[in-house]
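# Commentary on secondary and tertiary structure
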Amino acid sequence: MNDTADKPLNFIQQIVEDDCRAVKWGTWKASDASRPGSAQTAGSPRVHTRFPPEPNGYLHIGHAKSILLNFGLAQKFGGRFNLRFDDTNPAKEEQEYVDSIKADVAWLGANWHGPNGGGLFFASDYFDRMYDWAVELIRKGKAYVCELSADEVSKRRGTPTAPATSPFRDRPAEESLRLIQEMKEGTHPNGAMTVRAKIDLASPNFNLRDPVMYRILHEAHHNTGSKWCIYPMYDWAHGFEDSIEGITHSICTLEFENHRPLYDWFIDSVNEGRSADKKIHHPQQVEFAKGLLTYTILSKRNLLRMVQEGTVKGWDDPRMPTISGFRRRGYTPEAIRTFWEEIGVTKTESVIDLGRLENAIRTDLNRRAPRAMGVLRPLKVTIENWPEGKVDWLEAQNNPEDPAAGSRTVPFTGTLFVERDDFMENPPKRFFRLAPGREVRLRWAYFVKCERVVKDAATGEVTELRCTFDPATRGGDSPDGRKVKATLHWVSADLGVPAEVRLFDRLFKVEDPGARTGEFMDDLNPISLEVVRAMIEPSLAEAKVGDKVQFERLGYFCVDRDAKPGALVFNRTVTLKDAWSRVAREE
RNA sequence: UGCCUGGUGGUGUAAUGGUAGCACAGCAGAUUCUGACUCUGCUUGUCUAGGUUCGAGUCCUAGCCGGGCAGCCA
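The model shown is predicted, which means the values in this text are computed figures rather than measured ones.

Reading guide: rules and limits
Residues numbered from 1 in each chain as written. Chains lettered and ligands numbered in written order. Predicted model: local features only at pLDDT ≥ 70, side-chain atom pairs only at ≥ 80, totals over all residues. Heavy atoms only, no water. Helix = DSSP H or I, 4+ residues; strand = E, 2+ residues; numbered from the N terminus. Buried < 20%, exposed > 50% of the residue type's maximum accessible area, 1.4 Å probe, protein only. Contact = heavy atoms within 4.5 Å. Areas by Shrake-Rupley, 256 points an atom, 1.4 Å probe, with all protein chains shown as cover. Lys, Arg positive; Asp, Glu negative; His and termini not counted. Charge placed at Lys NZ, Arg CZ, Asp CG, Glu CD. Expected span 1.5 Å × (residues − 1). Arc of directions from axis to C-beta. Near = heavy atom within 4 Å. Polar contact = N/O pair within 3.5 Å; in protein donor to acceptor, adjacent residues only side chain to side chain. Axes fitted to C-alpha atoms, helices over the stretch in contact; angles between N-to-C directions. Left-handed = near helix turned anticlockwise from the far one by under 90°. Nonpolar A, V, L, I, M, F, W, Y, C, P; charged D, E, K, R; others polar.

### Regarding the overall build of chain A
If you tally the helices and strands in chain A, you get 14 helices and 27 strands. If you line up chain A on its principal axes, its C-alpha atoms span 100 × 55 × 40 Å. Burial statistics for chain A: of 587 residues in total, 53% are counted as buried. Considering only intrachain contacts with a sequence separation of at least 6, the fraction spanning at least 24 residues in chain A is 70%. In the form shown here, chain A has an accessible surface area of approximately 25900 Å², with 50% of it arising from carbon and sulfur atoms. Once the 82 positive and 86 negative side-chain charges of chain A are each reduced to a mean point, those two points are 2 Å apart.

### Observations concerning helix α7 (residues 173-185)
For the α-helix, the turn length of 3.6 residues means that residues three or four positions removed from each other point alike. The terminal C-alpha atoms of α7 lie 18 Å apart, and with 13 residues this matches the ideal 18 Å at 1.5 Å per residue to within 8%. S176, L179, I180, E182 and M183 are the residues of α7 that are buried. The buried side chains of α7 occupy one side of the element, clustering within an arc of 160 degrees when seen end-on. Exposed and facing more than 90 degrees away from the buried side of α7 are E174 and E185. Where α7 is buried, its residues contact α5 (127-139), β4 (143-146), β5 (194-197), β6 (212-216) and β7 (230-232). Positive phi appears at G186, one or two residues downstream of α7, with a value of about 90 degrees.

### Re the protein's contact with RNA strand B
With respect to spatial proximity, 59 residues lie near RNA strand B, and among them L148, R157, R433, R441 and G475 are the closest. The sugar-phosphate backbone supplies 62% of the atoms of RNA strand B found within 4 Å of the protein. Between a phosphate oxygen of RNA strand B and a main-chain N or O atom of Y234, the distance comes to 2.9 Å. The separation between a base nitrogen of RNA strand B and a polar side-chain atom of R433 is 2.4 Å. Secondary structure elements with two or more residues in the surface near RNA strand B: α6 (150-155), β6, β11 (350-352), α13 (354-368) and α14 (579-586).

### Details of helix α12 (residues 333-343)
Three or more residues of α12 are buried, namely P333, A335, I336, F339 and W340. Down the axis, α12 shows its buried residues gathered within 165 degrees of arc, on one side only. Among the structural elements, α3 (61-76), α4 (95-107), β10 (291-293), α11 (323-329), β11 and α13 are those in contact with the buried residues of α12. After α12 finishes, the residue G344 shows a positive phi value of roughly 85 degrees.

### Re the packing of helix α1 (residues 11-21) against α3
Two elements in contact, α1 and α3, have axes whose closest approach is 11 Å; the angle formed by their N-to-C orientations is 35 degrees. When you trace α1 past α3, the crossing you get is right-handed. On α3, the residues that touch I12, Q13 and V16 of α1 are L69, L73 and K76. Along the lines of polarity and charge, the residues of the contact of α1 with α3 split into four nonpolar, one polar and one charged.

In structure tokens form, the structure reads like this:
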């Protein structure tokens, strides 16, 4: 979110700017600035942000907001951005997720090793230090080992007005020190005991009712292997991760507002009794609202379920709202960035119209995607007066929005395909395309006129159009000035190439999946994917995976990674806006 | 029920006590070798009630409505 100067600052940028003005977080040292390629300058105010994902799933479009916000801040204020894995729960975390997250963050352009990069980190690398702090808190009488079962803790949680209880709260520090040591050494089974902070069992903020700091988890970790069998809880760990890395602004989402007093308490408790030079850094937390999307589900748990149950074909299924899904679908990082910039950053929970995202990718691709012609549902057209065997290579502009994109040639022959939807035997008033007796233009080619319709005798289905062309209209202009009301895309039946095209629709039928029944799967769109055999112009025969193209009048498409030489596969990224479809509904 | 938090057109936002503006969507039109793009115009809003003030979306009080929290998840 690296805005232009004239755009008003969002509230977080405002906070950071104010802090910089006040030099609240100190300045970059000469050694920081001297790092090769560094965007930090010695003496300028420090801004250090981070994106701290848990590697327990793939990143989705909502995470992109946070990544772009954090990285954008580092860029805007000449600071640094860390990518840090919050890997404190080996039961749910996997290396596959670490790898995918790195790929996605990099793709979005948040370069954690670049000029504004602070580096790549793992919370699990801090486990030793965190353990030492826990021991320190026990010594200070600020934490204890509790042998209540999870069930018991839950039962004793209390109510907003009645306090929680634990019979182990006042055990001697020596006893807790012995037990935490045993926990660490693996003496006790999962769930036997926990380390708890001794804060306030009666607090109206439940996060302060002696929260668990460590639990026993005999589980291998993707980074630390079998070194640990106790793992820190998120709340205990998170503030320290930011502290250790010197994060200035710990930006997180609204649901952590209630946790802030806890993070403050942990750091203050470590610092208590320490001399000024031994105190650990205390970052400032700032909360912002997530952005939800209509027709979309973003909870990692539910996305995982769709993957596991085979509702979609993996995390990067082009219908998924994951970063990798959007990438495969043909979205660009620029479009995603523009989208979130337009949405802004606030503390108001909002549901964003999915159309906004589609609009962003259309705008981007309109500017940069070369045009081509492809017929999704081919209808055969025979040009009756075309010279037998003749091939006419016609010049076509690659992108009317960008003259520099140049031109290509497309072959016109006696047998063509046009889109089935572009012909109607009994057209309604506002239908401008082909119909019996009507003349239209074929893009970049000729005016053609429909003379006769051939139907399947048995089904009555239109199987072929017999047309004539006007040789004087070569290139698409009529010397006598006569007009046609439509220009159609087309492909030579003889020289076109077949391709599989995957047409995606939204995954859910309703704006708020699950709102009706409580089960989001009830709102699945049964036809979110349609596969067609298309015919495309030969210039596309050598298209490479990831190539993006506008099939004129249809939409933007990209070559899927399933494509093989001679067997092209295209994904439809998004359709073009289509005024006719609205008219058609009214007709 | 306790604590935290938020309410500006259909949607997302701006206005930092001084003309409620922008974008998307919608509607109408122009243009067009993509019913796209582009351009023009239009419709629609400060949760409510009091108060402070020359002046309130903004400050104060009370209420209303929404979101979050009571995992050994993050």
